[in-house]
Amino acid sequence: MPRSERSPLLLAGLLATAGVAHFAVPRQFDATVPRSLPGTPRTWTYASGVAELALAAGLASPRTRKAAALATAAFFVGVFPANVKMAADWRHRPTPQKAAAFGRLPLQIPLVLWARGVAKNAEGRA
């Protein structure tokens, strides 16, 4: 399978894994939900898990891949404030945890670019 055909499936796998994790260990995600959002953190945790699973399904299908990839790029931008909150909250934790939290921040850029690249490669395909 050519790399351009594997890429959307790898991105779908990443999102599916994250989506399942939102249900398997929701407490760690609850802690990253900005307090300014209405409702409970658990509602946002589950909603983002559902969104990740839906995006993964959309990426897996060539018919919905372009729209799902664009939505995935927007999703990665949209969850960035939660990653910033996590980094701020974890700034006093042990170095490995702090490094993981701060290391996630610049990773959003390649994730957004990856999703946009999947969308671009999906153009013109059925």
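It should be noted that the structure appears before, not after, this text.
Quantities reported herein were computed from a predicted structural model and do not represent experimental measurements.

Asker: Would you mind showing me how to read the packing of aromatic side chains here?
Answerer: Each aromatic ring pair is specified by the distance between its two centres and by the angle formed by the two planes. Evaluation of the coordinates by the stated rule reveals two aromatic pairs. With a centroid separation of 5.0 Å and an interplanar angle of 5°, the aromatic rings of Phe23 and Tyr46 are classed as stacked. Note that Phe23 is positioned in helix H1 (residues 3-24) and Tyr46 in helix H3 (residues 41-60), a separation of 23 residues in sequence. For Phe23, a relative accessible area of 38% translates into the label partly exposed.

Asker: For this particular structure, what's the right way to read the layout of surface pockets?
Answerer: Using a probe with the size of a water molecule, rolled over the atoms, empty space left in the structure can be pinpointed. Estimates place the volume of the largest pocket at around 760 Å³. Lining the largest pocket are 30 residues, and of these His22, Glu52, Val79, Asn83 and Arg104 lie nearest its centre. Contributions of two or more residues to the lining of the largest pocket are made by H1, helix H2 (26-30), H3, helix H4 (65-78), helix H5 (80-89) and helix H6 (95-122).

Asker: Help me understand H5, please; the structure alone is not making it clear to me.
Answerer: A turn of α-helix holds 3.6 residues, and therefore any two residues three or four places apart point the same way. Within the span of H5, buried status applies to Ala82, Asn83, Lys85, Met86 and Ala87. As for H5, its buried residues are in contact with H6.

Asker: I would appreciate a short explanation of H4 in the present structure.
Answerer: The end-to-end C-alpha separation of H4 is 19 Å, in line with the 20 Å expected for 14 residues at 1.5 Å each. Taken as a whole, H4 has its buried residues at Arg65, Ala68, Ala69, Thr72, Ala73, Phe75 and Phe76. Seen along its axis, H4 keeps its buried residues to an arc of 160°; they face one direction. Along H4, the residues that are exposed and aim more than 90 degrees away from the buried face are Ala67, Val77 and Gly78.

Asker: Is there a simple way to think about the packing of H5 against H6 in this case?
Answerer: Two packed helices can be described by the angle between their axes and the distance between those axes. One way to put it is that H5 packs onto H6 with a least axis distance of 8 Å and a crossing angle of 155°. Judged by the inter-axis angle, H5 sits roughly antiparallel to H6. At the point where H5 passes H6, the crossing takes the left-handed sense. Of the residues in H6, those touching H5 at Phe80, Asn83, Val84, Met86 and Ala87 are Ala101, Phe102, Arg104, Leu105 and Gln108.

Asker: I would appreciate a short explanation of the environment of Ala56 in the present structure.
Answerer: Of note, Ala56 is situated in helix H3. Not counting chain neighbours up to four residues away, the residues in contact with Ala56 comprise Ala12, Leu15 and Ala16.

Calculation criteria
- Residues numbered from 1 in each chain as written.
- Predicted model: local features only at pLDDT ≥ 70, side-chain atom pairs only at ≥ 80, totals over all residues.
- Heavy atoms only, no water.
- Phe/Tyr/Trp six-rings, centres within 6.5 Å; stacked < 30°, edge-to-face > 60°.
- Helix = DSSP H or I, 4+ residues; strand = E, 2+ residues; numbered from the N terminus.
- Buried < 20%, exposed > 50% of the residue type's maximum accessible area, 1.4 Å probe, protein only.
- 1 Å grid on protein atoms, 1.4 Å probe; cavity = no way out; pocket = protein on both sides within 12 Å on 5 of 7 lines; lining within 4 Å.
- Points joined across faces, edges and corners; volume = space filled by probe spheres on them.
- Contact = heavy atoms within 4.5 Å.
- Expected span 1.5 Å × (residues − 1).
- Arc of directions from axis to C-beta.
- Axes fitted to C-alpha atoms, helices over the stretch in contact; angles between N-to-C directions.
- Parallel < 35°, antiparallel > 145°, perpendicular 65-115°, else oblique.
- Left-handed = near helix turned anticlockwise from the far one by under 90°.

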